Amino acid sequence: MDYASTIYKNGDILTMEDRLPNVQAIAVREGRIIALGTENEIARWKGPKTRIVDLQGNTLMPGFYDSHSHFSVVGGAALNSVQLACPPIGSIKSISDVMTSLKNHLDTHPDTKMVIGWGYDDTLIKEKRHLNRHDLDKVSKSIPIFVSHISGHVGYANSKMLEIANIDRTTADPIGGKIFKDAQTGEPTGHLDEQAVYLLPTGGIFSLSGEGEECIQALEKASEIYASNGVTTANDGGVKNIETIKAYYAAHKQGRLKVRVTICPFSEILEESNFINQKDDYVTLQGIKIVQDGSIQAYTAYMSEPYYTAYQGNRDWVAYPACSQEALDQKVMDIYRSGQQAVCHCNGDRTLDMYLDALTRAQKKYPRVDDRPIVIHAQTARYDQLVRMKALHATPSFFSLHTYYWGNRHMDRFLGPTRGANLDPAGWAQQLGIPFSTHCDSPITPQTPLLSIWAAANRISYEGRHIGNHQCVDVLTALKSYTINAAYQYYEDDIKGSIAKGKLADFVVLDQNPLRIAPSEIKNINVIATIVNDGTIFNSGQITETESPQPTTV
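In the nomenclature of an unreviewed UniProt entry, the chain corresponds to Amidohydrolase 3 domain-containing protein from the organism Peptococcus niger.

A.B. asks: Describe the overall build of the chain, and please don't skip the residues or the numbers.
C.D. replies: Secondary structure summary: the chain contains 17 helices and 24 strands in total. Whereas a compact globule of 554 residues would reach a radius of gyration of roughly 24 Å, the chain reaches 24 Å, a difference of no more than 12%. Dimensions of the chain, computed from C-alpha atoms along their principal axes, come out at roughly 80 × 55 × 50 Å. For the chain, buried positions account for 62% of its 554 residues. Here the contacts in the chain between residues at least 6 apart in sequence split such that 70% fall between residues at least 24 apart. Carbon and sulfur atoms make up 48% of the accessible area of the chain, which totals about 20,900 Å².

A.B. asks: With reference to specific residues and values, describe the nonpolar core.
C.D. replies: As a rule of thumb, nonpolar side chains are buried together in soluble globular proteins. The biggest cluster of nonpolar side chains holds 92 residues, and the ones touching the most others in it are Phe-71, Leu-257, Val-332, Tyr-355 and Leu-359. Not counting residues up to four positions away in its chain, the partners in contact with Val-332 are Ile-290, Tyr-355, Ala-358, Leu-359 and Ala-362. One finds Leu-106, Val-115, Tyr-120 and Val-139 within the second-largest nonpolar core, a separate group that totals 21 residues.

A.B. asks: Now, about the pattern of salt bridges: what can you tell me, with residues and values included?
C.D. replies: Tallied over the entire structure, the rule returns 25 salt bridges. A salt bridge links Arg-169 to Glu-187, with the nearest nitrogen and oxygen atoms 3.7 Å apart. In this pair, Arg-169 is assigned in the loop between helix H5 (159–164) and strand S11 (177–181) and Glu-187 in the loop between S11 and strand S12 (188–194), connecting sequence segments 18 residues apart. Residue Glu-187 is classed as partly exposed on the basis of its relative accessible area of 27%.

A.B. asks: Quick rundown of the environment of Leu-257? Include the residues and the values.
C.D. replies: Mapped onto the elements, Leu-257 comes out in the loop between helix H7 (242–253) and strand S14 (260–265). Given the relative accessible area of 4%, Leu-257 is considered buried. Note: C-alpha distance between Leu-257 and Glu-521 (264 residues apart in sequence) is 32 Å. Contacts of Leu-257, omitting those with residues within four sequence positions, involve Phe-71, Leu-219, Ser-223, Tyr-248, Ala-251, His-252, Tyr-282 and Val-283.

A.B. asks: Outline the packing of helix H2 (residues 71–80) against helix H6 (residues 212–227), listing residues and values.
C.D. replies: Where H2 contacts H6, the axes come no closer than 7 Å and their chain directions differ by 95°. The orientation of H2 with respect to H6, classified from their angle, is roughly perpendicular. Only Glu-214, Gln-217, Ala-218, Leu-219, Lys-221, Ala-222, Ser-223, Ile-225 and Tyr-226 of H6 make contact with H2, whose side of the interface consists of Phe-71, Ser-72, Val-74, Gly-75, Gly-76, Ala-78, Leu-79 and Asn-80. Taken together, the residues of the contact of H2 with H6 sort by class into nine nonpolar, six polar and two charged.

A.B. asks: I'd like to hear about H7, residue by residue, with values.
C.D. replies: Helix length check: H7, at 12 residues, gives a terminal C-alpha distance of 17 Å against a target of 16 Å (1.5 Å per residue), a fit within 8%. Burial in H7 covers these residues: Ile-242, Thr-244, Ile-245, Ala-247, Tyr-248, Tyr-249 and Ala-251. For H7, the N-terminal cap is Asn-241; the gap from its side-chain oxygen to the backbone nitrogen of Glu-243 is 3.1 Å. In the stretch just after H7, Gly-255 is the one whose phi turns positive, near 75°.

A.B. asks: I'd love a proper account of the sheet that holds strand S20 (residues 437–438), names of residues and values included.
C.D. replies: In any sheet, the strands associate via hydrogen bonds between backbone groups, in a parallel or an antiparallel arrangement. Strand order in the open sheet made by the five strands is S16-S17-S18-S19-S20, with parallel pairing throughout. Strands with a single pairing partner mark the edges of an open sheet, and in this sheet they are strand S16 (288–291) and S20. Sheet topology places S16 next to strand S17 (residues 342–346); four bridges connect them, and they run parallel. Residue Ile-290 lies in a different strand from S17, and its bridge partner there is Cys-344. In the packing of helix H8 (residues 325–337) onto the sheet, the strands contacted are S16 and S17, and the crossing angle to S16 comes to about 175°.

A.B. asks: Kindly report on the pairing of strand S18 (residues 374–377), identifying the contributing residues and their values.
C.D. replies: Relative to S18, S17 is paired through four bridges, and the arrangement is parallel. Residue pairing across strands places Cys-344 opposite Val-375, the latter belonging to S18. Considered for its hand, the β-α-β crossover made up of S17, helix H9 (residues 349–365) and S18 is right-handed. The sheet contact formed by S18 and strand S19 (residues 395–398) spans four bridges and is parallel. Bridge assignment links Ile-376 to a residue of S19, and that residue is Ser-397. For the crossover that starts at S18, traverses helix H10 (residues 383–391) and ends in the parallel S19, the hand is right-handed.

A.B. asks: Tell me about the side chain of Thr-445, and name the residues and values.
C.D. replies: By secondary structure assignment, the location of Thr-445 is in the loop between S20 and helix H15 (449–458). Take Thr-445: its relative accessible area is 0%, and that puts it in the buried class. A distance of 2.6 Å separates a polar atom in the side chain of Thr-445 from the backbone oxygen of Cys-440. Not counting residues within four places of it along the chain, the set of residues in contact with Thr-445 comprises Ile-89, Phe-399, Leu-401, Tyr-405, Trp-406 and Cys-440.

A.B. asks: Can you tell me about the sheet that holds strand S15 (residues 283–285), naming the residues and giving the values?
C.D. replies: Spatial ordering of the open sheet is given by S6-S13-S14-S15, a layout of four strands whose pairing is parallel. The open sheet has two edge strands, strand S6 (64–65) and S15, and neither has a second partner. In the sheet, strand S13 (residues 231–239) pairs with S14 via six bridges, with the strands oriented parallel. Among the inter-strand pairings, Ala-234 is bridged to a residue of S14, identified as Val-261. The strands that H7 touches are S13, S14 and S15; relative to S15, the one it contacts most, it runs at about 155°.

A.B. asks: Summarise H2; cite the residues concerned and give the values.
C.D. replies: Taking burial as the measure, the 10 residues of H2 include seven buried ones, the bulk of the element. Of the positions making up H2, those classed as buried are Phe-71, Ser-72, Val-73, Val-74, Gly-75, Gly-76 and Ala-77. Next to the buried residues of H2 lie H6, S13, H7 and S14.

A.B. asks: Outline the domain arrangement of the chain, supporting the account with residue identities and numerical values.
C.D. replies: Each assigned domain of the chain is listed here: domain 1 (6–63 + 503–539), domain 2 (64–70 + 214–285), domain 3 (82–206) and domain 4 (287–490). Between domain 1 and domain 4, the C-alpha centre-to-centre distance is 32 Å. Facing the 15 residues of domain 1 at the interface are 12 residues of domain 4. Looking only at domain 1, the three residues that lose the most surface to domain 4 are Met-16, Ile-522 and Lys-523, adding up to 44% of its buried area. Across the domain 1-domain 4 interface, the total number found is three residue pairs in polar contact (both at pLDDT 80 or more). Considered class by class, the residues forming the side of domain 1 that touches domain 4 number 10 nonpolar, two polar and three charged.

Cut-off values and rules
Residues numbered from 1 in each chain as written. Predicted model: local features only at pLDDT ≥ 70, side-chain atom pairs only at ≥ 80, totals over all residues. Heavy atoms only, no water. Helix = DSSP H or I, 4+ residues; strand = E, 2+ residues; numbered from the N terminus. Rg over C-alpha atoms; globule rule 2.2 N^0.38 Å. Buried < 20%, exposed > 50% of the residue type's maximum accessible area, 1.4 Å probe, protein only. Contact = heavy atoms within 4.5 Å. Areas by Shrake-Rupley, 256 points an atom, 1.4 Å probe, with all protein chains shown as cover. Core = buried A, V, L, I, M, F, W, Y, C linked by side-chain atoms within 4.5 Å. Salt bridge = Lys/Arg side-chain N within 4 Å of Asp/Glu carboxyl O. Axes fitted to C-alpha atoms, helices over the stretch in contact; angles between N-to-C directions. Parallel < 35°, antiparallel > 145°, perpendicular 65-115°, else oblique. Nonpolar A, V, L, I, M, F, W, Y, C, P; charged D, E, K, R; others polar. Expected span 1.5 Å × (residues − 1). Polar contact = N/O pair within 3.5 Å; in protein donor to acceptor, adjacent residues only side chain to side chain. Pairing = 2+ DSSP bridges. Right-handed = clockwise from strand over helix to strand, strands pointing away. Domains from an automatic or database assignment. Buried area = accessible area lost by both parts, 1.4 Å probe.

Put into structure tokens, the structure is as follows:
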């Protein structure tokens, strides 16, 4: 008999499988689950060399599956950027704090050739305004400086950075972007929206992933961050160049990529990529990414009705799409023609209308049985749009943490009480039977799956305000949104997302069972260990490894 290499037992084991939601023990061999059931049933798989993992009453469940983030950028930001976020994410409270942080970075990195700041929020900072080049010139006029807004869709450049990018009073706005200019002088202020950010040599936040060895270091760092939060499959939702994809394969080959990653290349590199649909144990390319609008909190998400409060004095402001309907139709058509999966960023409801129209045309011309198009964010999706999504077999990946980090501002500033209460409408999706995932969109917010799950079940802002209780979902559904539903979206539900025979032995161990505590307490659960391919990649210190056949305790 081929015995198990590992048996996990003596804890709460949540499978995310409806037919067998709980088991007492799991047997694993060569990184795959070979059996699950009662401890007595699994005991027969124990051999002389089987490692026994004693969960000691803790909870084991499928490892978290991140449905949308920017994995390589997370690592690069941790290594190479200056943190400029306001509470509760960071500690910046004023523009003076921003200047101090940037100057301190220059003082401690005297050889730096460029400074990149991350996470500025004009709506939380004391001055309640955007940065400009004059602010950043006070830090340095000789070293280029770029600061990204917390949304990732707005940026600020000092005069040196604008000079290097050849942005001046004569530079026209790019399609889908805006260069803000002084009303009197016509000179650029340093404030750039959307596609205008990509005129800079930094290329927005995506430059933080680096190239070559620098990128591999970023992937290694991101692995640590995600593993410590129970993520076993991460997502890089928008890779702009082939070199980054090559770095992923190199990192895995060198043993420096600890978690599995699903990569969604941007549509712009669809034709040049020879890697599409290639898979190994850790790196999967699945889904072609399109970004069709911006961010609600940056006033760049394309809406069908004006924002709740005026934007720069304009009470009719609805923002704008990244490209025309015709151009979007062509992008989606190209994806379907190539047999790939469409993954589109849609924050505003008008943008979602455009994407659903494009899907309708593409599906008619290139019909497919199982195309699984994804809507990333879908934050202002209307009920009628969700009905239409179901008919098009599209599924949303909601950014539910917006109810926590920006909930109050959505209700009072961006969307108003009606649209704000229906932000990230998971409740409607559940009613309609649409499988949905949730995500953290890291580095926009930290990679904290348990907080995202808590947000989907509770919808309470960090100030304590309830943001549309009717859109809350039950805890099990929230857990599935970061496990099996996310795996389904990327065609990996046959090997990931739940605990079942034949699936990968990718688990997270928690110190509490989220199904046995009050939903309000889920965000206080701690990750004890993260396991990929039956190997521990994160250990909080509460797990003790001993050589087999002695027990391993968790």
